[in-house]
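# Fold and contact review
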Amino acid sequence: MELEMERRLKKEHNAKVKALKKQKAIEKAKLGELNAKSKKSAAKKIGKEEENHADFSDPETSIGERKRLSSQMAKHYSPSAVEKSWYEWWETSEFFKADATSSKPQFVIVLPPPNVTGALHIGHALTCAVQDTLIRWKRMSGFNALWVPGFDHAGIATQVVVEKHLSRETGLTRHDFGREEFLNHVWQWTESKSGTIKSQLRRMGSSLDWSRECFTMDEQRSKAVTEAFVRLHKEGLIYRDLRLVHWDCFLSTAISKREVEHIEIKERTPIKVPGYEKPVVFGLITSFAYPLERGGGEVVVATTRVETMLGDTAIAVHPDDARYKHLHGEFAVHPFNGRKLPIICDEILVDPNVGTGCVKITPAHDTNDFDVGRRHNLEFINVFTDDGRINANGGPDFTGMPRFAAREAIIEALRKKGLYRGEENNKMTIGVCSRSSDVAEPMLKPQWYVSCSLMAKEALDVAANGKIEFIPKQYSAEWRRWLESIYDWCISRQLWWGHRIPAWYATLEEDHLKETGAYNDHWVVARNEEDARKEAAQKFSGKKLLELSQDPDVLDTWFSSGLFPLSVLGWPDETEDFKAFYPTSVLETGHDILFFWVARMVMLGMKVGGGDVPFRKVFLHPMIRDAHGRKMSKSLGNGIDPLEVINGVTLAGLHARLEEGILDPKELVVAKEGQVKDFPNGIPECGADSLRFALVSYTAQSDKINMDVLRVVGYRQWCNKLWNAVRFAMMKLGDGYTPPSQALSPGAMPFSCQWILSVLNMAISKTVDSLNAFELSDAANTVYAWWQYQFCDVFIEAVKPYFSAENPGRTHAQYALWVCLETSLRLLHPFMPFVTEELWQRLPSPQDCERKASIMICDYPSPEEKWTNEKVETEMDVVLVTVKTLRALRAAESLKRRVNERLHAFALCENALTLGIVQSHELEIRTLANLSSFEVVLKGEDKAAQSGSAVVETVNENLKVYLKLDGASINAELSLRKTETRL
């Protein structure tokens, strides 16, 4: 019995095992089938994605050809994809080129020529964004628009940067290379950097007329510089004189007062000076004694610049100082060179820390002493070489020493002679060259000067009588302040890079002194050496000419820059361009060079250009700072290359850019730390359109712009919204849509279509008015607001019901949508040229209408009177405030779970007029508020209030809205309101 039971159980077990194996086999087979199907499905999906990817990706476009667009718009906006290929096609198609023979009204801007010192910075990008917005707008508005590109040789700045570069690369100075070879290196640098700058300008979309590209040292511009110098010299407005100048010992050149930055020092302060291993101490006043010649006495003087005592030629005492005035007429003896120093009485300007006591007089090295020296016929003794060393005039013990090393040596020598009387802290100001950071030294040098007083008066007059307009107007006062206190302009620079001064020195056989420049009347000015020889032969007729040598100095860069509006158009030749385009229309630049450049262009332009002003308007934009309000600089690491914002860059990439520069190791560390703080994750790709729009939008910020890259990122995100809105609109238009060719009739269109055309018309009018007033920020914000808040947020949603096939308003809705897109893209184009061109090219064209090749040569929108409908706008205001109120009810804390749920609502109107308005726009309210139904009733029919099944909110004094809720929701809402009441 038990055995039988055991056999039966074993049999059942074997059957179960067999069935289990069979089941596993079946499942395995099924799993194999599923895997095969899955792989096949995945392969199909990949194939479909690849097919779709091809539909959404732009085909390759050959350089200079019109961009080939994908069959479908990409799902997401990509700046690099959108901004590719368009510029090369625009340029090849000569859309930027102006015609000197055109009958159209002219609009001319000259690009402030960027220096060839290196790449453009974000300040240049602001200039380009503003000017390209203006030039594209005018070009589309029917003007013969010319935007002239050019580059500035930037004499002192470029020479400095090339010298630093060569020193780092080769360890050699320019003197090791010699003038000719060094200049070859500068020309190579210029070619390289100008190429970089041109690439940046093109990448930013700058629609410059490249056929008229120029450089301040090319042949035509050099000809203009020479011609202007010769003419001004002939009129007596350029002359040569021996005067004190600000001298940069590190660069061995004169610099202008405007290139000297003044630093306030309160007490003993070490400052790094180029050329010195250890910092030089400033903020001290040192006292020492001069022994009297008669013996038995001394005169104590004090100075903050002990090294200049080697050039002292007198001692002055104040005539009211009872302690010292009796010494008048006596002499002191210089302790190091034995020079006799007369003691004179003079009411000179005395350092307040010294009082009215004795003052050393160094006429050749001190501005105040210079006048005293001339008044008393004192000797002028220059004791410094051009590179700031002590020369033979200063005394044999110190000859050849750098000036600040000599300072320490002189103090030690005074100690040994028992003449040192001590030092103490002294509040003072030192002048530092903005180019080299060297401490500027007053030096007596013969230089060429431009007499400015008469030309300045003319420049003041044209501003006063309205021939030149300043925008913003506040800079008119600044203009007067500069020009009313103008001084003659030193235009000599002891550099190698720049325009050689067209002056030759004649050395005559009869001359006692044979060194160049010994006699100021031996100079001749001419256009070339041949003319100079003729001039010299006539001037020195009957005398034997031994040598005629050209002045080795070059002209201040601002001299050639001041002629730029003239020279870029071919002056001094009577070219077709000069006759057609001069004077120019607008000078747009930063307010920081109002005097440096703008004033000089006006003075020189009027004097040599025929008496007319070089431009009618001066538009001055703010200066860019970083997000913290600091001035941008390489040494702080907060400077931004526009391409880093356009293309995006990692933190490592930012560091690499600094390492390629000319910062010293300590500055490099500080700069990198600044980048880590400001851009810890680098800079995301934003595109040129977003950067341009952000910069133009910033221009309303007083005289400074605190540039935050995050704002540019925000506009890049807005471009994505713009892209998606157009993408949606294109789907609603359909593949085969062709806009009608007849004129638009808004009155026959649905309400929302009438409204969007009316507010678009208002946006057009305001944008054009703002552009005419040079209020570019307002113009940009107007266009932005229409796209963002009216087209995207309202119209795109409100018009959706009309796109159903059976809706009779579908045709009108499509036409209104197309008109809005086509018109608003043209309105936006000057601000964002790339994305507008791409989207406009995708729009269908009306049948039997010739389509322009590019959006940039289309007409700029102008207001259409028949589009304006104030009644519709007023009614839409009621609709929108109603929708806003309903949305606020939905967004209440207790209703968040139902945000996406379509609810029931109704409106309670106080009067028939409100009832009529709200009732006639039930569709728009229901659509925009995402309601399942919307009922409109007159007061007295407040069903929700009676039933207690709705929450209510007041829209205005004539309208309330109710949002219907279920029991649970209303109890939660009432509970919430009771809680709020108790609080």
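Now for a quick tour of the structure. (Residues numbered from 1 in each chain as written. Predicted model: local features only at pLDDT ≥ 70, side-chain atom pairs only at ≥ 80, totals over all residues. Heavy atoms only, no water.)

### Regarding the sheet that holds strand S30 (residues 903-909)
Taken together, four strands build an open sheet; the order of strands is S31-S30-S33-S32 and the sheet is mixed. Taken across any chain shown, the strands that pair with only one partner, and hence form the sheet edges, are strand S31 (931-938) and strand S32 (950-956). Taking the axes of each pair of neighbouring strands and ignoring which way they run, one obtains an average angle of 20° across the sheet. Bridge count between S30 and S31: seven bridges; the pairing is parallel. Note that in S31 the partner of His 904 across the bridge is Ser 933. The sheet strands contacting helix H27 (residues 870-890) are S30, S31, S32 and strand S33 (959-964), and the helix crosses S33 at an angle near 40°. Here helix H28 (residues 912-920) sits on the sheet in contact with S30, S31 and S33, set at roughly 160° to S31. (Pairing = 2+ DSSP bridges. Helix = DSSP H or I, 4+ residues; strand = E, 2+ residues; numbered from the N terminus. Axes fitted to C-alpha atoms, helices over the stretch in contact; angles between N-to-C directions. Contact = heavy atoms within 4.5 Å.)

### Focus on helix H4 (residues 122-140)
Helix length check: H4 (19 residues) gives 27 Å between terminal C-alpha atoms against 27 Å at 1.5 Å per residue, within 8%. Here H4 lies mainly inside the structure; 18 of its 19 residues are buried. Directly beyond the C-terminal end of H4, a positive phi value near 95° is found at Gly 142. (Expected span 1.5 Å × (residues − 1). Buried < 20%, exposed > 50% of the residue type's maximum accessible area, 1.4 Å probe, protein only.)

### Observations regarding the pattern of salt bridges
Side chains bearing opposite charge may pair, as long as their charged atoms lie close to each other. Counted under the stated rule, the structure contains 56 salt bridges. As a salt-bridge pair, Lys 67 and Glu 838 come within 2.7 Å of each other at their nearest N and O atoms. Taken together, the residues Lys 67 in the loop between helix H1 (2-56) and helix H2 (79-82) and Glu 838 in helix H26 (residues 833-842) connect sequence positions 771 residues apart. Exposure remark for Lys 67: the relative accessible area of 7% places this residue in the buried category. Among the ionic pairs, Arg 136 bridges to Asp 132, the shortest N-O distance being 2.7 Å. Of this pair, Arg 136 and Asp 132 both sit in helix H4, four residues apart, which is roughly one turn of the helix. Using a relative accessible area of 0% as the deciding quantity, one classes Asp 132 as buried. What you see here is one network of salt bridges that share partners, running through Arg 305, Asp 366, Arg 403, Asp 438 and Glu 441. (Salt bridge = Lys/Arg side-chain N within 4 Å of Asp/Glu carboxyl O.)

### A word on unusual backbone geometry
Residue Pro 472 follows Ile 471 across a cis peptide bond; omega there is 0°. Residue placement: Pro 472 occurs in the loop between strand S19 (469-471) and helix H12 (475-484). Each neighbour pair has its own omega, and for Tyr 582 with Pro 583 the value is 0°, a cis peptide bond. Even without being a glycine, Glu 94 presents a positive backbone phi close to 60°. Relative to the helices and strands, Glu 94 is located in the loop between helix H3 (86-92) and strand S1 (106-110). The phi torsion at Ala 154 lies on the positive side, around 50°, for a residue other than glycine. Here Ala 154 shows up in the loop between strand S3 (150-151) and helix H5 (155-170). Judged by its relative accessible area of 5%, Ala 154 falls in the buried class.

In short, geometric facts, not functional conclusions.
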